[in-house]
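Chains, contacts and geometry: an overview
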Amino acid sequence: MANETKKTSTPLLDELEKGKWPSFVKEIKKMADKNPRAKDLLGQLEQSYKDKVTHWKHGGLVGVRGYGGGVIGRYSDSPDKFPNVAHFHTIRINQPSGWFYTSKALREICDVWEQHGSGLTNMHGSTGDLVLLGTSTDNLEPIFTKLTNKGWDLGGSGSVLRTPSCCAGPARCEFACYDTLNLTYDLTQAYQDVLHRPQFPYKWKFKMSGCPNDCVASVARADMSIIGIWKDDIQVDQEAVRAYAKSGVDVQSEICDLCPTKCMSWDGKDLKIVNKWCNKCMHCINAMPKALRPGKERGAAILIGAKAPILQGAQMSSVLVPFMKMEPPYKELKDLVEKIWDFWGEYGKNRERIGELIQRVGMGQFLEALEIEPKPQMVANPRTNPFIFYEEYFEEEGEQK
């Protein structure tokens, strides 16, 4: 056909289409047939594979009027060779709580994106946002205007509150110990200013998990993890436990022996739990959901300081508040958050996450600044590396000497 566009030769990228797994190359090729940005993207990626260096350069500050975040600037270092990706900015869209969309809403976004961008999306970025990959600077304002007119907003990027995200919570999960969807929406609305206008030493992520299964991996990624938990005893239906045993579940070896704190015992008739030893790992509840349920006194544990490697290595979060009720308007939580932000803003270094600041000044100093009493749950590995010191003990020891 006379008007058929010449296909880009991509022998190295073609290798990534082989095998049984989904391939991003296959999806870009589909879009390349009708979008010149996607076509040049293929060409530049192939060139990067040949040269073994990236041909993207970060664009510095680029965005929409009034916002300091939401757009990640990206430019090609070979605009003469790949003119359609000379600008290839990424736009983050603030996703609905729990990633619930209607088909109508998705079509609205796709229509805007096909008109002004590459047509390529990422559902979703690790932060949680719906990500639109690849547009030029002069298209940013039209995209933003059309999306906001339809009720959408940009997500966070840079030294801001990143877009809060959560698991499906009580909408889909029987284990949810608080309403993750409502809290995510509430925090998103309450902290609009710090979401869109950089004023932190570096990024801050809230991630809400409804139970200790932590389906959004908050304990590994969030500056503040809000993980649903219960304070009272696990609910046990002994008849249902016996039904599991009768159906072939070896309650002793598959449930009790795998309990990390050995808080369970089974005599063939009743399952007994020493609840004060339970560390809420969820193994027994996951294995026998018809017999075991989270307790009735529900709330959340607040953890602090997780991050991926940037200045220092990866960190998992540490317990800050073992149990807090999670009910609107979430005043106790917000008071704590704002106290932490004040401390971080005063003592944090540039590009230093809150977990790195705590590591630098010490958890004891951090707790003292927040006026939080140390608790046993804050100790990562009891008897081996406790990181909280009780000053009054040292004083008493000095007096005795």
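Our structure's up above, just so we're on the same page.
Report follows, based on the coordinates. Keep in mind it's a predicted model, so treat the numbers as computed, not measured.

Some words on the environment of His-87
Relative to the helices and strands, His-87 resides in the loop between β3 (74–76) and β4 (89–93). A residue is classified by how much of its surface remains accessible, and His-87, at 29% relative accessible area, is partly exposed. Taking the C-alpha atoms as reference points, His-87 and Val-64, separated by 23 residues in sequence, lie 15 Å from one another. Every residue in contact with His-87, bar those within four places of it in the chain, is listed here: Arg-74, Tyr-75, Thr-135, Ser-136 and Thr-137. A polar side-chain atom of His-87 sits 3.1 Å from a polar atom in the side chain of Thr-137.

Considerations on unusual backbone geometry
In most cases, non-glycine residues show a negative phi, while peptide bonds are predominantly trans. In the segment running from Met-123 into His-124, the intervening peptide bond is cis, with an omega of 5°. Examined against the element boundaries, His-124 turns out to sit in the loop between β5 (120–123) and β6 (130–135). Residue Pro-329 is reached from Pro-328 by a cis peptide bond, and omega for that bond is 5°. Within the secondary structure, Pro-329 sits in the loop between β15 (318–324) and α12 (331–347). A positive phi is found at Asp-214, a non-glycine position, where the angle reads about 50°. Mapping Asp-214 onto the fold places it in the loop between β8 (206–209) and α8 (218–221). The class for Asp-214 is buried, based on a relative accessible area of 11%. At Tyr-330, a position not held by glycine, the phi torsion is positive, near 60°. In this structure, Tyr-330 sits in the loop between β15 and α12.

Notes on the nonpolar core
Ranked by size, the top nonpolar core spans 40 residues in total, and within it Trp-204, Phe-206, Met-224 and Ile-226 carry the most contacts. If we ignore the near neighbours within four places in the chain, the residues touching Ile-226 are Tyr-178, Leu-183, Phe-206, Lys-207, Met-208, Ser-209, Ala-300, Ala-301, Ile-302, Met-326 and Leu-333. Core analysis: the next-biggest nonpolar cluster, separate from the first, contains 25 residues, Val-249, Cys-263, Ile-285 and Met-288 among them.

Description of the sheet that holds β5
With respect to topology, four strands assemble into an open sheet ordered β2-β4-β6-β5, the strand pairing being antiparallel. Lying at the two open borders of the sheet, with one neighbouring strand each, are β2 (71–72) and β5. Both β5 and β6 contribute to a ladder of four bridges, which runs antiparallel. Considered in β6, the bridge of Leu-120 is made with Leu-133.

Observations regarding the pattern of salt bridges
Per the counting criterion, the structure on display carries 16 salt bridges. As a salt-bridge pair, Glu-352 and Arg-360 come within 2.9 Å of each other at their nearest N and O atoms. On the accessibility criterion, Glu-352 (5% relative accessible area) is buried. Each of Asp-14, Glu-17 and Lys-29 takes part in one network of salt bridges that share partners.

How each quantity is defined
- Residues numbered from 1 in each chain as written.
- Predicted model: local features only at pLDDT ≥ 70, side-chain atom pairs only at ≥ 80, totals over all residues.
- Heavy atoms only, no water.
- Helix = DSSP H or I, 4+ residues; strand = E, 2+ residues; numbered from the N terminus.
- Buried < 20%, exposed > 50% of the residue type's maximum accessible area, 1.4 Å probe, protein only.
- Contact = heavy atoms within 4.5 Å.
- Polar contact = N/O pair within 3.5 Å; in protein donor to acceptor, adjacent residues only side chain to side chain.
- Core = buried A, V, L, I, M, F, W, Y, C linked by side-chain atoms within 4.5 Å.
- Pairing = 2+ DSSP bridges.
- Salt bridge = Lys/Arg side-chain N within 4 Å of Asp/Glu carboxyl O.

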